[in-house]
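Close look at the chain arrangement
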Amino acid sequence: MTWLENLLIIAGILLDVFAAMEIQGAMIANLKKRTVAVACAVVAASELVFYFGGYAICRLMAVNGYIANPVKRGEVVAVVVLVLLGLRLIAKAIKREFIQERRRDALIVLDYIRIVIVSSAYTAAAGCACGLVGTTIWQIIALILAISVLVVLGGLYTGMHFGFEKKTIAYIVGAALLWGAGAEIFLSRVIDFV
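To start, this report covers the structure provided alongside it. Each chain carries its own residue numbering, running from 1 in the written order of its sequence. The predicted nature of this model means local features are confined to residues of pLDDT at least 70 and side-chain atom pairs, given and counted, to a pLDDT of 80 or more, with totals for whole chains, interfaces and linings taken over all residues. Excluded from the side-chain calculation are hydrogens and water; included are all heavy atoms of the structure.

Re the overall build of the protein chain
Going by this rule: For the purposes of this entry, the term helix denotes a DSSP run of H or I that reaches at least four residues, the term strand denotes a run of E that reaches at least two, and both are numbered from the N terminus. We take the radius of gyration over the C-alpha atoms and set the globule estimate at 2.2 Å times the residue count to the 0.38 power. By definition in these notes, contact holds between two residues if any of their heavy atoms fall within 4.5 Å. Using a 1.4 Å probe, accessible areas were evaluated by the Shrake-Rupley method; residue-level cover was limited to the displayed protein chains. Counting rule for charge: Lys and Arg are taken as positive, Asp and Glu as negative, and neither His nor the chain ends is counted. Charge placement uses NZ in Lys and CZ in Arg. For Asp and Glu, CG and CD serve respectively.
The helix and strand tally for the protein chain stands at six helices and zero strands. When its helices and strands are written in sequence order, the protein chain yields α-α-α-α-α-α. The C-alpha radius of gyration of the protein chain comes to 17 Å, within 12% of the 16 Å expected for a compact globule of 194 residues. Overall, the C-alpha framework of the protein chain stretches about 55 × 30 × 20 Å when taken along its three principal axes. Across the protein chain, contacts joining residues at least 24 apart in sequence account for 98% of those joining residues at least 6 apart. Carbon and sulfur atoms form 70% of the exposed surface of the protein chain, whose accessible area is close to 9,400 Å². Separation of charge centres in the protein chain, based on 17 positive and 12 negative side chains, amounts to 5 Å.

Written as structure tokens, this is what we have:
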């Protein structure tokens, strides 16, 4: 996959985390640097673990010959996964889940870790598709680390200053990014295969 496709995929998936952090930011009185650093580390670590878990499983299957023509099939799988992940984000935007807002003094890891882990499971699906295709590992590590920090900071500060209603926009933008990456993969490589 190209650098742009990887960027769109990682950013699209992590906008779900942005929405979770925005909700958390809307409920805290002030942010401490240590708390923000822990939140960034937790999100980045979970995204990396799940991405490379999915990547390793599918890459091993491709390398060991369990999947015939893994690159072409991986591109088809990637398009399907990206479309489904985008639909999931649109469903979350339409659902507009009600949140019982209550003010807290600090950000508590256990309050957002469940949401991050669920989002990371979808990152594993994207990692699996990338494992079939064979993606540059260092590029993905850099993208996950950088975008994780940006979405955590952006989500927390957006929530603190504007509330949590902007999460719907994050879901829609995330779906658009995932669909854009899927369309690019489909039009540049999969359409010839079909």
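Points about the packing of aromatic side chains
Selection criterion: Whether two aromatic rings pair depends on their centres lying within 6.5 Å, for rings of Phe, Tyr and Trp, where Trp uses its six-membered ring; planes under 30 degrees apart make the pair stacked, over 60 edge-to-face, and the rest tilted. Between buried and exposed lies partly exposed: a residue is buried under 20% and exposed over 50% of the maximum accessible area for its type, with that area taken using a 1.4 Å probe on protein chains only.
Enumeration over the complete set of coordinates arrives at three aromatic pairs. Ring centres of Tyr 51 and Phe 52 lie 5.1 Å apart, and the angle between their planes is 85°; on these two criteria the pair is classed as edge-to-face. Judged by relative accessible area, Tyr 51 falls into the buried class, the value being 1%. Ring centres 6.1 Å apart and planes at 75° place the aromatic pair Phe 52 and Tyr 55 in the edge-to-face group. With Phe 52 and Tyr 55 both in helix α2 (residues 33–63), this residue pair falls three residues apart, about one helical turn. Taken together, the ring pairs in this structure connect Tyr 51, Phe 52 and Tyr 55 into an aromatic cluster.

Looking at the pattern of salt bridges
Oppositely charged side chains are able to pair whenever their charged atoms sit close together. Rules: Here, a salt bridge means any Lys or Arg side-chain nitrogen found within 4 Å of an Asp or Glu carboxyl oxygen.
Applying the stated criterion to the full structure yields two salt bridges. Between Arg 88 and Asp 16 there is a salt bridge whose closest N-O contact spans 2.6 Å. Separated by 72 residues along the polypeptide, Arg 88 in helix α3 (residues 70–95) and Asp 16 in helix α1 (residues 3–27) bring together distant segments of the chain. Per residue, the accessibility class of Arg 88 equals that of Asp 16, and both read buried. The closest approach of N and O atoms between Lys 92 and Asp 16, which form a salt bridge, is 2.8 Å. One end of the pair, Lys 92, is in helix α3; the other, Asp 16, is in helix α1, and 76 residues separate them in sequence. Residue classification places Asp 16 among the buried positions, given a relative accessible area of 2%.

As for α3
Here is the rule we go by: The span expected for a helix works out to 1.5 Å for each residue beyond the first.
Taking 1.5 Å of rise per residue, the 26 residues of α3 would be expected to cover 38 Å, and the 36 Å separating its terminal C-alpha atoms lies within 8% of that figure. When α3 is considered as a whole, its buried residues turn out to be Pro 70, Gly 74, Glu 75, Ala 78, Val 79, Val 81, Leu 82, Leu 85, Gly 86, Arg 88, Leu 89 and Ala 93.

A few points about the packing of α2 against helix α5 (residues 137–162)
Note the threshold: Angular values range over 0 to 180 degrees, each being the angle between N-to-C directions of two axes fitted as lines to C-alpha atoms, with helices fitted over their stretch in contact. Crossings are classed by handedness, with left-handed meaning an anticlockwise turn of the near helix from the far one by less than a right angle and right-handed meaning a clockwise turn. Polar here means any residue other than Ala, Val, Leu, Ile, Met, Phe, Trp, Tyr, Cys and Pro, which are nonpolar, and Asp, Glu, Lys and Arg, which are charged; Gly is therefore polar.
In the contact formed by α2 and α5, the axes pass within 9 Å of each other and the chain directions differ by 145°. Viewed along their axes, α2 and α5 form a crossing whose handedness is right-handed. Within the contact between the two elements, α2 uses Val 36, Ala 39, Cys 40, Val 43, Ala 44, Glu 47, Leu 48, Tyr 51, Phe 52 and Tyr 55 and α5 uses Ile 137, Ile 140, Ile 141, Ile 144, Leu 145, Ser 148, Val 149, Val 152, Leu 153 and Leu 156. The class makeup of the residues in the contact of α2 with α5 is 18 nonpolar, one polar and one charged.

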